[in-house]
Amino acid sequence: MSKILAGVLLGAGVLGSVIIPGPAAHAGSPVCSKAIELINTAIDSPAGLDAETAEALADRLSGLLVVAGGAERDGISAYVDALRDPEITDLTAVTDELNRACA
């Protein structure tokens, strides 16, 4: 399916304030498809996945939790938590978890 997060090359001065995207994810359900669509839109935005975009994405993904269940809900929830955690700058682990949930 579509690539969830493209690689980002950033200058050293910007790196600390931007989340580094993880590998691609694949959707296996409508909920996962929507989550991936939202993530792709955020990544492709002019600002990339800066703090403001990450928070807006987290809000949108949180809305999907109402209709998600099981592993998909857990994967999306972990992604939301990672987006909101200022200590997490690399989304690889949560992207991998989302991949497993959406497979």
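One can find the structure itself at the top, above this paragraph.
An account of the accompanying structure is given in this report.

Some words on the packing of helix H2 (residues 30–43) against helix H3 (residues 51–64)
Then comes step 1: Where H2 contacts H3, the axes come no closer than 10 Å and their chain directions differ by 170 degrees. With respect to each other, H2 and H3 are oriented roughly antiparallel. In this structure, H2 uses Val 31, Lys 34, Ala 35, Leu 38, Ile 39 and Ala 42 to contact H3, whose residues at the interface are Thr 53, Leu 57, Arg 60, Leu 61 and Leu 64.
Then comes step 2: Residue classes in the contact of H2 with H3 are distributed as 8 nonpolar, 1 polar and 2 charged.

Thoughts on the pattern of salt bridges
Then comes step 1: Under the definition given, this model contains 3 salt bridges.
Then comes step 2: With its nearest N and O atoms 3.4 Å apart, the salt bridge here joins Glu 37 to Lys 34. One end of the pair is Glu 37 and the other is Lys 34, both in helix H2 and 3 residues apart, which spans about a single turn.
Then comes step 3: By relative accessible area, which is 43% here, Glu 37 ends up partly exposed.
Then comes step 4: By relative accessible area, Lys 34 is classed as partly exposed at 35%.
Then comes step 5: With a closest N to O distance of 3.1 Å, Arg 84 and Glu 55 form a salt bridge. With Arg 84 in helix H4 (residues 70–84) and Glu 55 in helix H3, the pair connects residues that are 29 residues apart, well separated along the chain.
Then comes step 6: Exposure remark for Arg 84: the relative accessible area of 38% places this residue in the partly exposed category.
Then comes step 7: Overall, Glu 55 belongs to the partly exposed group, its relative accessible area being 34%.

Concerning H4
Then comes step 1: Between its first and last C-alpha atoms H4 spans 21 Å; for 15 residues at 1.5 Å apiece the expected length is 21 Å, and the two agree.
Then comes step 2: Of all the residues in H4, the buried ones are Glu 72, Gly 75, Ile 76, Ala 78, Tyr 79, Val 80, Ala 82 and Leu 83.
Then comes step 3: Structurally, H4 contributes buried residues whose contacts are with H2, H3 and helix H5 (92–102).

Regarding the state of the cysteines
Cysteine pairs can be linked by a disulfide, which is a covalent bond between their two sulfur atoms.
Then comes step 1: All told, the structure shown has 1 disulfide when counted by the stated rule.
Then comes step 2: The residue that forms a disulfide with Cys 32 is Cys 102, at a sulfur-sulfur distance of 1.9 Å. Between Cys 32 and Cys 102 the sulfur-sulfur dihedral comes to about -85 degrees; the bridge is accordingly left-handed. Pair noted here: Cys 32 is in helix H2 and Cys 102 is in helix H5, with a separation of 70 residues, a long-range link. The two residues Cys 32 and Cys 102 agree in class, both being buried.

With respect to the packing of H2 against H4
Then comes step 1: Where H2 contacts H4, the two axes come as close as 10 Å, and the packing angle between them is 15 degrees. Considering the angle they form, H2 stands roughly parallel to H4. The two elements H2 and H4 cross, and the hand of that crossing is left-handed. Contact residues: Val 31, Cys 32, Ala 35 and Ile 39 in H2; Glu 72, Ile 76 and Tyr 79 in H4.
Then comes step 2: The class makeup of the residues in the contact of H2 with H4 is 6 nonpolar, no polar and 1 charged.

Parameters at a glance
- Residues numbered from 1 in each chain as written.
- Predicted model: local features only at pLDDT ≥ 70, side-chain atom pairs only at ≥ 80, totals over all residues.
- Heavy atoms only, no water.
- Axes fitted to C-alpha atoms, helices over the stretch in contact; angles between N-to-C directions.
- Helix = DSSP H or I, 4+ residues; strand = E, 2+ residues; numbered from the N terminus.
- Parallel < 35°, antiparallel > 145°, perpendicular 65-115°, else oblique.
- Contact = heavy atoms within 4.5 Å.
- Nonpolar A, V, L, I, M, F, W, Y, C, P; charged D, E, K, R; others polar.
- Salt bridge = Lys/Arg side-chain N within 4 Å of Asp/Glu carboxyl O.
- Buried < 20%, exposed > 50% of the residue type's maximum accessible area, 1.4 Å probe, protein only.
- Expected span 1.5 Å × (residues − 1).
- Disulfide = S-S within 2.5 Å.
- Left-handed = near helix turned anticlockwise from the far one by under 90°.

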